[in-house]
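Notes for the structure review
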Amino acid sequence: MAQPAVSFTHPPTLTHHYRKGTQMRRSFGVSWLIAAAMLTTQGNISQAQNVIWTGDTGSFVDGGNWSTGSVPDFGETALINNGGTAQFADDFVEMQLLKLGQSGSSGNFEQSSGQFNANGAIFGDGGSANGSITGGEFIIGGDSIHVGLLPGGVGVLNISGSDTVVASGDDFQLGREGTGTLNFSGGFLHAGYTVIGKFGTGVWNQTGGLFDQDFGDIEIGDGGRDDQAGTGGPRTGTMNIDGGFVQTADSIAIGNRRGDGAVSITDGILAVTGNATSSILIGRGMDTTPGAGGVNSLRIKGDAAKIVATGSLLMDPNQAVQSATLIEEITGPSQTTIYAAGGADVGNGTLKVELNGYTPKANDSWVLVQVGLDIDGMLGDIDAAVEAAGYEPMQHAFPENFGELVGPFADTDFSGASLPAGLSWEVSYTADSIILNVVGTGATGDFDGNGVLDANDINLLSAAVRAGNNPSEYDLNGDNAVNQTDRDVWVNDLKKTYMGDSNLDGQFDSSDFVFVFQAGQYEDGVAGNSNWETGDWNGDTEFDSSDFVTAFQNGGFENGPRAAVAAVPEPASITLVGMILLCWGALRRRCV
């Protein structure tokens, strides 16, 4: 489902969407909590009877596809290990455990409708497994959903469909010790503690749908405590959000303990708002010896995403990780801002800037982080977008406090963001904001900061003259006014050419007439469509006879490159221009 765009318009206060506490579950149209409670009473998983899938591709509710001749029920574990595919639709089942892909085997599960209930679900229990839920309700009770549980396990879970519901009464884990991948493009996902890469490798890819967490953190690259350092595995988690909605019940912790965590947000909404102190932590490093934590990053690409937290933005707050990096991938003149009501501390973090398809200009500016502000209006905007997408509104906590910014960054990295000559990066800090700026340090008159004096610069100067507000950066002669005199300085002294030199080759000659008349804007009757390259030499946005007056008064026609003393145009030159204009007027009349 395509998600509507959201702009933060700060509507009037909407207190109805606030809640308190971290354990509140959200209603989403089915009584899955009742089902979860019932399933929890079914007994210990290890005591469950195994019912083995013997079919190839067939119906889950066809008893002939199972080793016992009947569909798994209460107290039984459904095992799919023969490479077959169990398809579930238009039915209702309850069982102890669904397990696909034990060591050395594989299995597949597909659900398109109906309600599937179990106490736990494992995709990739040492082997390989694929789950695809495109409709209906997949309800897991008191245990968890594991994708890539044991070493060597490779699990993939795909969730799509506008009305699909997937819920775990406890954890949702990708890559506990194996490799687990979630591809989430639509529907409704509920869970408690959510771990992406415990000891193994976890990947969360989201392009749509709503994940509304019931309790706990989202932990990307957990890695375990110090006393679990001997457990093997890469300890890597990756979360890619390119659409849809994510709300945390508590915090989002990138590099929760010893693991490597990476989150990338291009589109969609990340609402870290389920608790009064829900925070964004880049390199949390909890339960970890200083320096033993991993490599952690939050990448923000472009301006399409929305990120809000009731708590704070914290980078390596325990001074425990190898690195904590905020990566700003700039794709245009605007960029997503991180809003955090509770404040921000970036003093142990690194800012890395990368450019993707955009060349910055002098005076470009991006607000990267803004803190200590009232986010109520933003939450109202988010709820409106959630409802417009067909989901029930989320419940948010009220911020516990409104903090300030603590900085600066410990380090900045601009190696992936080379600027044109004459420009440089600057990071500025206020009590509530981090702002990334592009500063011009090049030659006087290089207003766009691209390292050369070109037509765009004189066009920018002409626009500043017309605006009449005298911006100081365009005051080339230092008289506190921006007017025609500054245009003369740019043309004559800085560019060292003449009025009329439309192609800016350093000379005003017949080639400039060819250049401008090919553009076809001389007295064309279109208001305000001309610039320096198309004959507007006096800066009034029109190309007419007054521009020739300006050009010839400057005295450079056919004088070659500018000499120390400008020459007065010869009468023959003026006569030549008059002939050109007469011929051009005759040609226009003939063409009309």
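Note that the structure is predicted; figures quoted are calculated from it, not measured.

1. Examining the nonpolar core
Core analysis: the largest hydrophobic core is formed by 81 residues, its most contacted members being F60, L98, F123 and F138. Not counting the four nearest positions on each side in its chain, L98 is found in contact with F60, A78, I80, F109, F116, A118, G120, A121, I122, F123 and F138. Counting 27 residues, the second largest nonpolar core, distinct from the first, contains L453, L461, A464 and L476.

2. Here we look at the side chain of Q247
Structurally, Q247 is set in strand β21 (residues 236–247). Polar contacts involving the side chain of Q247 include one to the main-chain carbonyl oxygen of Q395, which spans 3.0 Å. Within the structure, the side chain of Q247 is placed 3.0 Å from the side chain of H396, a separation counted as a polar contact.

3. Focus on the confidence of the model for the chain
Across the chain, the average pLDDT comes to 88, with 87% of residues at 70 or higher. For residues 40–46, every residue scores under 50 in pLDDT, and the model assigns this stretch 14 contacts once sequence neighbours within four places are set aside.

4. Here we look at helix α6 (residues 545–554)
Taken together, the buried positions of α6 are D547, F548, T550, A551, F552 and N554. In the segment just after α6, G555 is the residue with positive phi, at about 75°.

5. Comments concerning the pairing of strand β26 (residues 306–309)
Consecutive side chains of a regular strand alternate in pointing toward one face of the sheet and then the other. Taking every second residue as pointing to the same face, both faces of β26 are buried, with K306 and V308 on one and I307 and A309 on the other. Where strand β23 (residues 260–272) meets β26, 4 bridges bridge the pair, whose relative direction is parallel. Each bridged residue has a counterpart across the sheet, and for A271 the counterpart in β26 is V308. Sheet analysis places β26 next to strand β29 (residues 338–340), joined by 3 bridges and oriented parallel.

6. Describing the pairing of strand β31 (residues 350–355)
Taken together, the 6 bridges between strand β28 (residues 323–330) and β31 define a ladder with parallel strand orientation. Its bridge partner lying in β31, E329 is registered against E354. Relative to strand β35 (residues 411–416), β31 runs parallel, the two sharing 4 bridges. Within the sheet, the bridge partner assigned to T350 lies in β35 and is D411.

7. Quick notes on the pattern of salt bridges
Tallied over the entire structure, the rule returns 11 salt bridges. As a salt-bridge pair, E329 and R299 come within 2.9 Å of each other at their nearest N and O atoms. Taken together, the residues E329 in strand β28 and R299 in strand β25 (residues 295–301) connect sequence positions 30 residues apart. A residue is classified by how much of its surface remains accessible, and E329, at 10% relative accessible area, is buried.

8. Overview of the packing of aromatic side chains
For the coordinates displayed, the defined rule picks out 35 aromatic pairs. Between F508 and W537, the aromatic rings sit 5.8 Å apart at their centres with planes inclined by 70°, giving edge-to-face as the arrangement. Of this pair, F508 sits in the loop between α4 (484–494) and α5 (510–519) while W537 is found in the loop between α5 and α6, placing the two residues 29 residues apart along the sequence. W537 matches F508 in its accessibility class, with the two residues each being buried. Each residue in the set F508, F513, F517, Y522, W537, F543, F548, F552 and F557 is aromatic and connected to the rest through ring pairs, giving one cluster.

9. Details of unusual backbone geometry
With an omega of 5°, the peptide bond running from G407 to P408 counts as cis. Structurally, P408 is set in the loop between β34 (405–406) and β35. Even without a glycine there, the phi angle at L504 is positive, about 50°. Structurally, the position occupied by L504 is in the loop between α4 and α5. In this structure, E558 takes a positive phi of about 55° despite not being glycine. Relative to the helices and strands, E558 is located in the loop between α6 and α7 (571–591).

10. Details of α4
Within the span of α4, buried status applies to D486, R487, V489, W490, V491 and N492. Against α3 (455–467) and α6 lie the buried residues of α4. Where α4 begins, the side chain of N483 points an oxygen toward the backbone nitrogen of T485, at a separation of 3.1 Å. Once α4 ends, the next one or two residues include K496, with phi positive near 55°.

Rules of the game
Residues numbered from 1 in each chain as written. Predicted model: local features only at pLDDT ≥ 70, side-chain atom pairs only at ≥ 80, totals over all residues. Heavy atoms only, no water. Core = buried A, V, L, I, M, F, W, Y, C linked by side-chain atoms within 4.5 Å. Buried < 20%, exposed > 50% of the residue type's maximum accessible area, 1.4 Å probe, protein only. Contact = heavy atoms within 4.5 Å. Helix = DSSP H or I, 4+ residues; strand = E, 2+ residues; numbered from the N terminus. Polar contact = N/O pair within 3.5 Å; in protein donor to acceptor, adjacent residues only side chain to side chain. pLDDT = per-residue confidence, 0-100. Pairing = 2+ DSSP bridges. Salt bridge = Lys/Arg side-chain N within 4 Å of Asp/Glu carboxyl O. Phe/Tyr/Trp six-rings, centres within 6.5 Å; stacked < 30°, edge-to-face > 60°.

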